[in-house]
Amino acid sequence: VCFIPGGLDCSISFVSHVLGKVCVHGRQKEILGVLVPHLTDLTKSDCIWQRICWRLVECVPDRWMEAVVLGFVQGAPGADVLSRLLGNLVVKNKKAQFVVTQKMLLLQYGHTTAVLQNLLGYLSLDSLRRPLLLRVLQELLETWSSSSAVKHSPAEQQLYISKAILICLSHLKEPEIESCRQELLTSMMEGVKCHLDSSLPQLRRLGMVVAESISLKINTEGPVLKFEYEEDDETRELKSLLVQAPPFCVVPSLPDDDRSEKAGAALPLVPESAEKPHTAAPEMPDEELEAELDSDDDLTPYDMPEERELKVKAPVYIRDCIEVLTGSQSEDVDKWEATVKALESLVRKNPAATREVSVELAKILLHLEEKTCIEGFVELRQRAQVAVLTTDPIPVAKYLTSQFYSLNYSLRQRMDILDVLVLAAQELSCPKFHEKAKHSGAQKPCIQLLPGSDSSKDWRRIVDERIKSKTRRFNTGQSRVELAPHPNEFNSVAGHFFFPLIQHFDRPLTTFDLLGEDHLVLGRLVHTLAILMYLAVNTVAVTAMGKALLEFVWALRFHTDSYVRQGLLSCISSLLLSVPTERMLADMTEELLETQSWLGDVLEKDPDGDCRRLALQNLLLMENLKKKLEAVPS
């Protein structure tokens, strides 16, 4: 650092120009990594150096201001240090104000949580800057509560905005909260509705956490919002942002070893007594211990739950089960529980008797509600439905697919129908799976579509395994053991599962609109069609199914919900993997060329990362098919 003797006046605009030029050419870390620690030390107690630092940044030309401000925000070890280095730059310079209050918060989302805390903490540390903090919070809430932003922005940006909102809330004072209480309440109600309408569990959980935090701030004495959701690391991090951490300084230029030593030195000392476990209670002599263990004569015997279950005899005939579930015996709770638990095994052991009443039994199970707190009721009912469907596929599939588009069904029941169709199709296409399940106990299908699960993740895993099996690798040895061949029972019934589901998706009902507000069910339907298409490989109807599926995808390709678009791209993957190449080229050449162009647009423009990944995967599959055809001699 240079000193000018004699108290002469000087201008540092040249140094500001040099700093801006270096930063805009991508050398922020190199110059600010040295400059920021020096200025941090010099401005701690010297107001002259603070004014020099402010002038240094203020004299940077506007065309270079963004690079300099961004470098300072990222390099400063805390909001208090950033406030000393920049002063009221955001109040004096419009370009700096735009970068800090707009670009870094609303147009970018790649900065770390520490950078967000620096930025918003800097706005909160001076009375001249606090109005900007309130304005930033208002704009963030407008974006967070916008249904268009929730639909079209990636999940990473939604998380970034949620973190910024919670950090802003942590800096608000009581008078400021009082002045904007109504605006906060309005934004909370609109935003939580938009997020709960999303098909992605992460966005729904983000909406719940932010709404709870806003409610906690504006209702300090009254009741607050409380949602039920499963906490994870992301949720805990978000909640921690609502509480301001005590300020501390970390020197960013320290080497790794020195930094670890400093961090270790900063930890509070723990007394030795806290490190050692509590001493155990004094041991009893062996004779007294044995006497203590043997003295169980005073215990009162009572019925164990297992003993009570043994007293209730489960039905041994299918019609008896129907009578218990629907007739007067349904009031006998113990009998009802025993019937629900035994139904799947009875159906599989008595296929002939099941076929006589298969549709009636499927109807009963579809409408069956839990009467007692029976453990695993949803899974027991689902397994019984799958057993009925696999035992008598065609009539039961016709019934279930017709009910999917019928009136007076809840969204949960419609999604249950889709889950059962997928699990039954998997069992029919892989009959060896059930034999393995019988020996291992409970049935554990590879595609589990219970409430709260994400079927698209399982689906993508299956597709990745299929692609891996078709990829040639050298020097890897034998990849898998050859399995005995089994007939594909799904071959003759695939059309009954698939075509009724794809027929009426564009016909809204009074209580059910797939192309409207019920896009969550539409997403599940699209993923179900993709899985059914994948399981129909080598079946007679696979080509017709592929052509119908391609038309279905083409009609919905611009859907605003990312979960639906992910399912559509999964449909393309299943089509490319299941339909024979010769049939695709003969029947779908023009459609495939249009699809390839659409996939290129998705890869470049779709805001959702999973959609871009699936589009790239499909383009690679198409390229592999093209190379395979070119390698075949004409």
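Conventions and cut-offs
Residues numbered from 1 in each chain as written. Predicted model: local features only at pLDDT ≥ 70, side-chain atom pairs only at ≥ 80, totals over all residues. Heavy atoms only, no water. Helix = DSSP H or I, 4+ residues; strand = E, 2+ residues; numbered from the N terminus. Buried < 20%, exposed > 50% of the residue type's maximum accessible area, 1.4 Å probe, protein only. Contact = heavy atoms within 4.5 Å. Areas by Shrake-Rupley, 256 points an atom, 1.4 Å probe, with all protein chains shown as cover. Phe/Tyr/Trp six-rings, centres within 6.5 Å; stacked < 30°, edge-to-face > 60°. Lys NZ or Arg CZ within 6 Å of the ring centre and 35° of its normal. Core = buried A, V, L, I, M, F, W, Y, C linked by side-chain atoms within 4.5 Å. Axes fitted to C-alpha atoms, helices over the stretch in contact; angles between N-to-C directions. Parallel < 35°, antiparallel > 145°, perpendicular 65-115°, else oblique. Left-handed = near helix turned anticlockwise from the far one by under 90°. Salt bridge = Lys/Arg side-chain N within 4 Å of Asp/Glu carboxyl O. Expected span 1.5 Å × (residues − 1). Nonpolar A, V, L, I, M, F, W, Y, C, P; charged D, E, K, R; others polar.

In the annotation of an unreviewed UniProt entry, the entry for the protein chain reads Telomere length regulation protein TEL2 homolog, and the organism field reads Mohoua ochrocephala.

A. Quick look at the overall build of the protein chain. Check the secondary structure of the protein chain and you find 35 helices and 0 strands. Burial statistics for the protein chain: of 634 residues in total, 45% are counted as buried. Long-range contacts, defined as pairs at least 24 residues apart, comprise 74% of the intrachain contacts of the protein chain with a sequence gap of at least 6. Surface exposure of the protein chain reaches about 35,000 Å², of which carbon and sulfur atoms provide 55%.

B. Representation of the packing of aromatic side chains in the model. Summed over all chains, the structure comprises 5 aromatic pairs. When the centroid spacing of 5.3 Å and the interplanar angle of 80° are considered together, the rings of F490 and F497 count as edge-to-face. On the basis of relative accessible area, F490 is assigned to the buried category, the value being 0%. Seen in terms of ring centroids, F498 and F499 are 5.4 Å apart; in terms of plane orientation they differ by 90°. Their pairing is edge-to-face. Judged by relative accessible area, F499 falls into the partly exposed class, the value being 25%. Lying over the aromatic face of W64, R63 brings its terminal NZ or CZ to 4.4 Å of the ring centre. In this structure, R557 packs its charged tip against the face of W554, placed 3.8 Å from the ring centre.

C. Inspection of the side chain of R381 at higher detail. Tracing the sequence through the fold places R381 in helix α24 (residues 377-391). On the basis of relative accessibility, which here comes to 12%, the residue R381 falls in the buried class. R381 has contacts with L365, L368 and D416, leaving out every residue within four places of it along the chain.

D. Representation of the nonpolar core. Among the nonpolar cores identified, the biggest contains 92 residues, and F404, F490, F497 and L525 are the most heavily contacted of them. Counting residues per element, this core draws most heavily on helix α30 (residues 519-535), which supplies 11 residues. Beyond its immediate sequence surroundings of up to four residues, F404 is in contact with R414, I417, L418, L501, F512, L514, V521 and L525.

E. Seen up close, the packing of helix α4 (residues 62-75) against helix α7 (residues 94-107). Where α4 meets α7, the closest approach of the two axes is 9 Å, and the angle between their N-to-C directions is 55°. In terms of their interaxial angle, α4 and α7 are classed as oblique. In this structure, the crossing between α4 and α7 has a hand that is right-handed. Seen from α4, the contacting residues are D62, M65, E66, V69, L70 and V73; seen from α7, they are K95, A96, V99, V100, K103 and M104.

F. Region of the structure containing the environment of Q74. Note that Q74 resides in helix α4. Residue class for Q74 comes out partly exposed when judged on its relative accessible area of 41%. C-alpha separation for the pair Q74 and T112, spaced 38 residues apart in sequence, amounts to 8.9 Å. When sequence neighbours within four positions are dropped, the list of residues in contact with Q74 reads H111 and V115.

G. Structural context of the pattern of salt bridges. Summed over the entire model, instances satisfying the criterion amount to 25 salt bridges. Between K239 and E231 there is a salt bridge; the shortest N-O distance is 2.7 Å. A residue is classified by how much of its surface remains accessible, and E231, at 38% relative accessible area, is partly exposed. The partner of R381 in a salt bridge is D416, and the shortest N-O contact between them spans 3.2 Å. In this pair, R381 sits in helix α24 while D416 sits in helix α26 (residues 411-429), placing the two residues 35 residues apart along the sequence. Of the two residues, R381 and D416, neither departs from the other in class, the shared state being buried. Three or more residues joined by partner-sharing salt bridges are found here, namely E344, R348, E379, R383 and E427.

H. The side chain of T40, seen in detail. You can see T40 is positioned in helix α2 (residues 28-42). We classify T40 as buried; its relative accessible area is 8%. Not counting chain neighbours up to four residues away, the residues in contact with T40 comprise V81, R84 and L85.

I. Spotlight on α4. For α4, built from 14 residues, the straight-helix expectation of 20 Å at 1.5 Å per residue is met to within 8% by its first-to-last C-alpha distance of 20 Å. Taken as a whole, α4 has its buried residues at W64, M65, A67, V68, V69, L70, G71, F72 and V73.

J. Quick look at the packing of helix α20 (residues 318-326) against helix α21 (residues 333-349). Running from N to C, α20 and α21 point in directions that differ by 145°, and their axes come no closer than 10 Å. Seen along the crossing, α20 lies across α21 with a hand that is left-handed. The residues of α21 that touch α20, namely those facing I318, C321, V324 and L325, are K335, W336, T339, V340, L343, L346 and V347. Class assignment for the residues of the contact of α20 with α21 results in 9 nonpolar, 1 polar and 1 charged.

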